[in-house]
Amino acid sequence: MPITTSTVEPGIVTVTVDFPPVNALPSAAWFELGDAIIAAGQRLDTHVVILRAEGRGFNAGVDIKEMQATEGYDALIAANRGCAAAFAAVYDCAVPVIVAVNGFCVGGGIGLVGNADVIVASDDAVFGLPEVDRGALGAATHLARLVPQHTMRTLYFTAQNVTAQQLLHFGSVQRVVPRDQLDEAALEIARKISAKDTRVIRAAKEAINGIDPVDVKTSYRLEQGYTFELNLAGVADEHRDAFVETGRPKSKTNDTATSTSKGA
């Protein structure tokens, strides 16, 4: 099953994503992931949720090939709403969410991680937003929760990655361990949270969200509005088509060129 939920120890629930080859999720899977996280937190016997992934990397964002193979804008709208739902589920989950990041975490993966409560990562993990190379915007809201403001801007404009070790330095990643120790590292923290009175922890999660200086859901939807503008202008299609055809970003932008959008 691509998204599975299991109780690994009393009070500790894991939600695992497994979409080979790179965990790029189709639209429906984003909604499914959000539902799984919310459902896990609603169970009163759940004290903490661990979000993890199988395979080469934690998350490669949306499935661009699905988007480009669909006429009109339905796939684009579904992907954007699905991402918003999944990111919000991590944030709104009634109990703390620990993310265990292996390999790459890019695009939509940043939205999941940026909204998490605790982050542990493998020593080969990298984090980044290639959005500008795909003719899109989004998840700067969540990247800004991982790195300082000017670092976020540099990473965003250049589409460069940041390493787990750098995020450990910034204090956003709690632990960096070899990949074969990642699950245990997440469990060690989960056990400490699970041992607390879940009534207090649930209240603490809600209280901490309440004092958050940024409304992450509204902020992210604002970013998505600019993505829709780029789609209507035909710009996003140029970049997504180039990526689907070559696997690489579009080499240059001709600001005076016009294109006919085939839709999302």
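Everything here concerns the structure above.
Values in this document were obtained by computation on a predicted structure and should not be read as measured data.

*Asks:* Help me out: how do you make sense of the state of the cysteines in this one?
*Replies:* Disulfide: a covalent bond formed between the sulfur atoms of two cysteine residues. Using the criterion set out here, one finds 0 disulfides in the structure. With no disulfide partner, cysteine 105 has as its closest neighbouring cysteine sulfur the one in cysteine 83, 12 Å distant.

*Asks:* Would you explain the sheet that holds strand 9 (residues 175-177) in this entry?
*Replies:* By definition, the strands of a sheet pair up through backbone hydrogen bonds, in either a parallel or an antiparallel sense. What the 6 strands build is an open sheet, ordered 1-2-3-4-6-9; its pairing is mixed. Looking at the sheet topology across the chains shown, the edges are occupied by strand 1 (3-9) and strand 9. Strand-to-strand twist in this sheet, taken as the mean axis angle between neighbours without regard to direction, amounts to 20°. Pairing between strand 1 and strand 2 (residues 12-17): 6 bridges, direction antiparallel.

*Asks:* What's the story with the environment of alanine 140 in this structure? I'm lost.
*Replies:* Tracing the sequence through the fold places alanine 140 in helix 5 (residues 140-143). Relative accessible area serves as the criterion here: at 15%, alanine 140 is assigned to the buried category. Distance in space between the C-alpha atoms of alanine 140 and phenylalanine 157 is 10 Å, their sequence separation being 17 residues.

*Asks:* Explanation requested: helix 6 (residues 149-158) in the structure shown.
*Replies:* Residue pairs spaced three or four apart in an α-helix point in one direction, given the helix's 3.6 residues per turn. Within helix 6, the full set of buried residues consists of Met152, Leu155 and Tyr156. Down the axis of helix 6, the smallest arc covering the buried residues is 100°, so these residues share one side. Projecting away from the buried face of helix 6 at angles above 90 degrees are the exposed residues His150 and Phe157. Where the residues of helix 6 are buried, they touch helix 5, strand 8 (161-163) and helix 10 (216-232). One or two positions beyond helix 6, positive phi appears at alanine 159, with a value near 60°.

*Asks:* I tried to follow a nonpolar patch on the surface on my own but got confused; where do I start?
*Replies:* Side chains of Tyr73, Ile77 and Leu232 sit close together on the surface and give an oily, nonpolar patch of about 280 Å² of accessible area. What makes tyrosine 73 partly exposed here is its relative accessible area of 30%.

*Asks:* Help me understand the environment of alanine 40 in this model?
*Replies:* Relative to the assigned elements, alanine 40 resides in helix 1 (residues 27-42). As a C-alpha pair, alanine 40 and proline 26 span 14 residues in sequence and 22 Å in three-dimensional space.

*Asks:* Would you mind showing me how to read helix 9 (residues 198-210) here?
*Replies:* Between its first and last C-alpha atoms helix 9 spans 18 Å; for 13 residues at 1.5 Å apiece the expected length is 18 Å, and the two agree. For helix 9, the set of buried residues is Thr198, Ile201, Arg202, Lys205 and Asn209. For helix 9, the angular spread of buried residues about the axis comes to 100°, placing them on one side. The exposed set on the far side of helix 9, more than 90 degrees from its buried face, consists of Arg199, Val200 and Gly210.

*Asks:* Any chance you could explain the sheet that holds strand 5 (residues 104-106) here in plain terms?
*Replies:* The strand order 5-7-8 describes an open sheet built from 3 strands, whose pairing is mixed. Of all the strands in the sheet, the pair left with one neighbour each is strand 5 and strand 8. Adjacent strand axes in the sheet meet at a mean angle of 20°, parallel and antiparallel pairs treated alike. Pairing of strand 7 (residues 126-128) with strand 8 involves 3 bridges; the strand directions are antiparallel.

The rules behind these values
- Residues numbered from 1 in each chain as written.
- Predicted model: local features only at pLDDT ≥ 70, side-chain atom pairs only at ≥ 80, totals over all residues.
- Heavy atoms only, no water.
- Disulfide = S-S within 2.5 Å.
- Pairing = 2+ DSSP bridges.
- Helix = DSSP H or I, 4+ residues; strand = E, 2+ residues; numbered from the N terminus.
- Axes fitted to C-alpha atoms, helices over the stretch in contact; angles between N-to-C directions.
- Buried < 20%, exposed > 50% of the residue type's maximum accessible area, 1.4 Å probe, protein only.
- Arc of directions from axis to C-beta.
- Contact = heavy atoms within 4.5 Å.
- Patch = residues over 30% accessible without salt bridge, like charges linked within 9 Å, V, L, I, M, F, W, Y side chains within 5 Å.
- Areas by Shrake-Rupley, 256 points an atom, 1.4 Å probe, with all protein chains shown as cover.
- Salt bridge = Lys/Arg side-chain N within 4 Å of Asp/Glu carboxyl O.
- Expected span 1.5 Å × (residues − 1).

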